[in-house]
Amino acid sequence: MRVFALVGRSGTGKSTSALSFAHSKNIPAMIDDGLLIYKGRKAAGSSAKYEKNYITAIKRAVFFYEDHRKEVQNAIKALDIHSILIIGTSTKMVDQIAETLQLGKITKYYKIEEIRSSKEINMALYVRKTEGKHIIPIPYVQVEQNILKKIIMKGKKIFSTQKEEIGETTIIRPRFHQGTIHISEHVLKQIISHACTSVEAVKKCHRIDITLNELPNIKITLTMFYPLDEALPVIAEKIQQKVAEDFLKFLNIELNSITIHISKLSMEHSYPASMIRTARI
């Protein structure tokens with residue numbers, strides 16, 4: 001059996017990316033937080049995210065319990081798995097899992113930074129801190145009934161580049177979660193508005209739309225002062241840069257796109273539609 005590992009600190013989106021990554025490498029099986037997942041479905045084990053406290057969660061993740069360990073070992077043998085991906089927060093952790101399950105030496109280690117962009121990782125960390133969301137890479141119907149009340153929502157179906165369905169995720173909030181830091185959308189809009197109006201040519205932000213998914217995007221509608229010292233495209237780029245800098249500074253979020261729509265000037269003069277700037281970073 002060939003053994004691979006995917007390593008990254010907690011909350012960086014390993015479980016979110018694991019199904020697609022394993023499929024791209026032709027790896028049919030994964031070990032993630034105590035679960036054996038085979039071809040996108042739970043085959044054996046129990047998730048550490050079901051545990052009531054952090055200590056037992058760690059023990060579950062590294063197969064400390066004998067009955068849990070044997071269940072997964074027997075399933076691996078029965079399925080005749082040719083390659084497997086172990087997911088963990090450190091090389092020490094994945095090495096320990098490989099040794100405990102008697103899988104042999106790990107052939108290759110992959111870092112989460114190799115398969116996810118810094119924008120995706122920072123957004124995943126933000127969601128973990130502010131919403132407490134954890135991903136289990138198995139279908140909703142396979143989540144154990146004793147934690148159904150902890151399920152936030154069904155996840156999404158995962159497809160390969162050939163549009164083949166390869167799995168599904170479920171979003172939960174574990175019992176051992178210690179709480180979250182709530183930042184309201186109003187605060188986010190205040191940060192954006194302040195960044196925009198710090199550029200002298202901006203009179204007012206009329207509308208701000210924020211989408212914080214795997215890749216965060218912002219749309220801003222502005223009124224500009226007239227006359228202008230610089231061309232509109234140049235001013236729009238300055239606004240984008242300032243908003244991007246402030247989001248990174250205050251929230252540690254790298255924005256994927258900032259769309260600027262200049263709806264009007266402060267004087268009652270029409271402005272050529274060709275000069276309206278919609279730009280992306």
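Here the structure is a predicted model, which is why all the values come from computation and not from measurement.

Chemist: Quick one: what's the story with the side chain of Arg116, residue by residue and with numbers?
Modeler: When you line up the elements, Arg116 lands in the loop between α5 (112-115) and α6 (118-131). Side-chain polar atoms of Arg116 contact the backbone oxygen of Thr12, separated by 3.0 Å. Non-local contacts of Arg116, meaning those with residues more than four positions away in its chain, are made with Thr12, Gly13, Thr16, Ser17, Ile121, Ala124 and Glu214.

Chemist: Any details on the pattern of salt bridges? Residues and values, ideally.
Modeler: If you walk through the whole model with that rule in mind, you get eleven salt bridges. One salt bridge connects Lys49 with Asp33, and the closest N-O pair in it is separated by 2.4 Å. Pair noted here: Lys49 is in the loop between β4 (41-45) and α2 (54-61) and Asp33 is in the loop between β2 (29-32) and β3 (35-38), with a separation of 16 residues, a long-range link. Exposure remark for Lys49: the relative accessible area of 7% places this residue in the buried category. By relative accessible area, which is 22% here, Asp33 ends up partly exposed. One salt bridge connects Lys157 with Glu165, and the closest N-O pair in it is separated by 3.7 Å.

Chemist: I'd like a description of the sheet that holds strand β11 (residues 217-224), backed by residues and values.
Modeler: Overall, mixed pairing links the three strands, which are arranged β10-β11-β12 in an open sheet. The open sheet terminates on both sides in strands that have one partner only, identified here as β10 (202-211) and β12 (257-265). The mean angle between the axes of side-by-side strands here comes to 20 degrees, regardless of whether they run parallel or antiparallel. Where helix α7 (residues 185-197) meets the sheet, its contacts fall on β10 and β11, and the angle it forms with β10 comes to roughly 140 degrees. Of the strands in this sheet, β10, β11 and β12 touch helix α8 (residues 232-251), which is tilted by about 135 degrees from β12.

Chemist: Got a sec to walk through the sheet that holds strand β1 (residues 2-7)? Specific residues and values, please.
Modeler: In space, the six strands of this open sheet follow the order β4-β3-β2-β5-β1-β6, with mixed pairing throughout. Strand pairing shows two members of the sheet lacking a second neighbour, β4 and β6 (108-111), which therefore form its edges. Across this sheet, the average inter-strand angle for adjacent strands is 25 degrees, counted without regard to direction. Of the pairings in the sheet, the one linking β2 to β3 comprises four bridges and is antiparallel in character. Counterpart to Met30 in the pairing with β3 is Ile37. Where helix α1 (residues 14-24) meets the sheet, it contacts β1, β2, β5 (83-88) and β6, and its direction lies at approximately 165 degrees from that of β5. Contacts from helix α4 (residues 91-100) reach β1, β2, β5 and β6, with the element oriented near 135 degrees to β5.

Each value, and the rule that gives it
Residues numbered from 1 in each chain as written. Predicted model: local features only at pLDDT ≥ 70, side-chain atom pairs only at ≥ 80, totals over all residues. Heavy atoms only, no water. Helix = DSSP H or I, 4+ residues; strand = E, 2+ residues; numbered from the N terminus. Polar contact = N/O pair within 3.5 Å; in protein donor to acceptor, adjacent residues only side chain to side chain. Contact = heavy atoms within 4.5 Å. Salt bridge = Lys/Arg side-chain N within 4 Å of Asp/Glu carboxyl O. Buried < 20%, exposed > 50% of the residue type's maximum accessible area, 1.4 Å probe, protein only. Pairing = 2+ DSSP bridges. Axes fitted to C-alpha atoms, helices over the stretch in contact; angles between N-to-C directions.

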